[in-house]
Amino acid sequence: MSQTEAQLNIYVRWGKGSVMEEPGKGSTIADRLQYLVNVRSESRGGPWSDVEIAEGIEKQGLGSISAQTVRRLRIGETDDPKIGTLASLAKFFGVETSYFTDDDPAASMNELRYLLALRDGTMRHHLMRAGELSDDNQDIVGGLIANLLAVERKHNRQAAGDTDGGKGTSAG
């Protein structure tokens, strides 16, 4: 499986059962790794196994990590791994190493949400169709999205990838 395939295999089951809470400020390496392990959809094999992760990293030439090391990191037995280990895991899952090392993984979560949106066939279809609109109508769509983000914020639900208060200026 290529790195891109691993990135696109990540999928959160929004609206299909329980939604996993995203790791936030102060979360542990174990919390963050467990989140990445669990977000692969059932149709793509369900949560990653420690062996699948270790073998995937090796096959993609991203380094060499044992399944035992993955397990110890995932369950919190090891909380001070080598940066190379975290870099290999990050590359495998398609996130920046800072996802594991920063106090607040918000920026990396935005990248992950972007990958999830691209993987979603419905969202990809909408984005492709929006590209056919005139510039004026693309601006209108952008305004609608900003308004929807404002409504979600008003109801205390941060929208996926919204880091700029719904102004449409966030990087992503």
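Residues numbered from 1 in each chain as written. Predicted model: local features only at pLDDT ≥ 70, side-chain atom pairs only at ≥ 80, totals over all residues. Heavy atoms only, no water.

(A) Structural view of the pattern of salt bridges. All chains considered together, the criterion is met by two salt bridges. A salt bridge links D50 to R74; its shortest N-O distance comes to 2.8 Å. Of the two residues, D50 sits in helix α3 (residues 50–59) while R74 sits in helix α4 (residues 67–75), which places them 24 residues apart along the sequence. By relative accessible area, D50 is classed as buried at 14%. (Salt bridge = Lys/Arg side-chain N within 4 Å of Asp/Glu carboxyl O. Helix = DSSP H or I, 4+ residues; strand = E, 2+ residues; numbered from the N terminus. Buried < 20%, exposed > 50% of the residue type's maximum accessible area, 1.4 Å probe, protein only.)

(B) Just the confidence of the model for the protein, in detail. Counting all residues, the mean pLDDT for the protein is 75, and 70% of those residues have values of 70 or more. Contacts for the low-pLDDT stretch residues 1–19, under 50 throughout, to residues beyond four places or in other chains number 48 contacts. Below pLDDT 50 for its whole length, residues 158–172 participates in 18 contacts with residues either more than four positions away or in separate chains. (pLDDT = per-residue confidence, 0-100. Contact = heavy atoms within 4.5 Å.)

(C) The arrangement of a nonpolar patch on the surface in detail. A surface patch of nonpolar side chains, amounting to about 210 Å² of accessible area, comprises L133, V141 and I145. Turning to its location among the elements, V141 is positioned in helix α9 (residues 135–154). (Patch = residues over 30% accessible without salt bridge, like charges linked within 9 Å, V, L, I, M, F, W, Y side chains within 5 Å. Areas by Shrake-Rupley, 256 points an atom, 1.4 Å probe, with all protein chains shown as cover.)

(D) Highlighting α4. Of all the residues in α4, the buried ones are V70, L73 and R74. Taken end-on, α4 shows its buried residues confined to a sector of 100°, consistent with a single buried face. Summarising the contacts, the buried residues of α4 are in contact with α2 (29–38), α3 and α5 (83–93). (Arc of directions from axis to C-beta.)

(E) Highlighting the side chain of R32. For R32, the position within the fold is in helix α2. Sequence-distant contacts of R32, that is, excluding residues within four places in its chain, are made with P23, G24, G26, S27, S98, Y99, F100, T101, D102, D103, D104 and P105.

(F) Layout of the environment of T69. In this structure, T69 sits in helix α4. Spatially, the C-alpha atoms of T69 and T85 are 9.1 Å apart, while their sequence positions differ by 16 residues. At a separation of 2.9 Å, a polar atom in the side chain of T69 contacts the side chain of S66. (Polar contact = N/O pair within 3.5 Å; in protein donor to acceptor, adjacent residues only side chain to side chain.)

(G) Summary view of the environment of L133. You can see L133 is positioned in the loop between α8 (121–130) and α9. Excluding residues within four positions of it along the chain, L133 makes contact with Q138 and V141.

(H) Spatial organisation of the packing of α3 against α4. Two elements in contact, α3 and α4, have axes whose closest approach is 8 Å; the angle formed by their N-to-C orientations is 125°. With respect to each other, α3 and α4 are oriented oblique. As for how α3 packs across α4, the hand of that crossing is right-handed. Between α3, through D50, V51, I53 and A54, and α4, the contact on the second element is made entirely by A67, V70, R71 and R74. Residue composition of the contact of α3 with α4, by class: five nonpolar, no polar and three charged. (Axes fitted to C-alpha atoms, helices over the stretch in contact; angles between N-to-C directions. Parallel < 35°, antiparallel > 145°, perpendicular 65-115°, else oblique. Left-handed = near helix turned anticlockwise from the far one by under 90°. Nonpolar A, V, L, I, M, F, W, Y, C, P; charged D, E, K, R; others polar.)

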